[in-house]
Amino acid sequence: DPRADHAVAARSAPTDGEPTEPHTASTDRWPTADPAVVEAAAQAAANAASAREKVLALLTHLDQIVGKTRSPLPSKEPKGGRALPPAVLEKGEGSALERCDLFVTLCRASGVPARLVAGWRPDLRKPHVWAEVHLTGEGWIPVDPATVWLGTSTRYLPLSLSEDGTLPLLHLDRPRVRKTQGSR
């Protein structure tokens, strides 16, 4: 079971990059005090005894209540063309980025430090986003709400971290290698 509570390697040592206030704060992109977010977080993590159990419960709950779409929901916002977490909860579906935003918001609303990672998945041949949660004594653990398991593989290449939901590297394209004159 990919959601099983198993050992997962952190991306950094447990003492590197300890979480600070920005890792738990509500932001314009991640409104942790929104009533729908508060209710969803409380419902999901009600029986969790540890931060790890909260993360697994939130991840499982997210997968049960929000379906996957290929493109972002229509949004009137000029914040990267993605719907805010309360709208994703209301609609019950979202893109990988919107699910990731919602997951980070739910984690923060539950007191678990979380941030967004933008990077590359060569196996998918496209950019991808996932989250990292900080678990005391373990460090920053990668979590991909699109695949619903704790941890990621070496196929995930992080390029940028976001502590407030902004993503400057959203429009990445795969590298192109061209043969030039004189090369063999």
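Here, every reference points to the structure presented above.
Residues numbered from 1 in each chain as written. Predicted model: local features only at pLDDT ≥ 70, side-chain atom pairs only at ≥ 80, totals over all residues. Heavy atoms only, no water.

Here we look at the sheet that holds strand β4 (residues 126-135)
Applicable threshold: In this description, strands pair whenever DSSP reports at least two bridges between them. Under the scheme used here, helices are H or I runs from DSSP no shorter than 4 residues and strands are E runs no shorter than 2 residues, and both carry numbers assigned from the N terminus. Here, two residues are considered to be in contact whenever any of their heavy atoms come within 4.5 Å of each other. To get an axis, fit a line to the C-alpha atoms, keeping to the stretch in contact for a helix; angles then go from 0 to 180 degrees between the N-to-C directions.
Read from one edge of the open sheet, five strands run β6-β5-β4-β3-β7, paired in antiparallel fashion. Two strands in the sheet have a free side with no partner beyond their single neighbour: β6 (149-150) and β7 (157-162). The pairing of strand β3 (residues 114-121) with β4 spans eight bridges and is antiparallel. In the sheet register, R115 faces β4, and the bridge partner there is E132. Across the face of the sheet, helix α4 (residues 96-109) comes into contact with β3, β4 and β5 (139-144) while running at roughly 10 degrees to β4.

A short note on the side chain of H61
Stated formally: Partly exposed residues are those whose accessible area sits between 20% and 50% of the maximum for their type, while under 20% is buried and over 50% is exposed, using a 1.4 Å probe and protein chains only.
Tracing the backbone shows H61 in helix α2 (residues 51-65). We classify H61 as buried; its relative accessible area is 10%. Residues contacting H61, with those up to four places away along its chain left out, are A40, Q43 and A44.

Considering the environment of Q43
The topology assignment puts Q43 in helix α1 (residues 35-45). Along the chain, Q43 and A57 lie 14 residues apart, while their C-alpha atoms are 9.4 Å from each other.

A short note on the pattern of salt bridges
In plain terms, the rule: Salt bridge, as used here: a side-chain nitrogen of Lys or Arg that lies within 4 Å of a carboxyl oxygen of Asp or Glu.
Scanning all chains against the criterion turns up five salt bridges. Here R82 and D101 are joined by a salt bridge, their closest N and O atoms 2.5 Å apart. Remark: D101 occurs in helix α4 and R82 occurs in the loop between β1 (67-68) and α3 (85-91); sequence separation between them is 19 residues. This pair shows no difference in class: R82 is buried, exactly as D101 is. Residue R121 is joined to D144 by a salt bridge in which the shortest nitrogen-to-oxygen separation is 4.0 Å. Within this pair, whereas R121 is found in strand β3, its partner D144 is found in strand β5, the two being separated by 23 residues in sequence. The pair R121 / D144 is uniform in exposure class, with both members buried.

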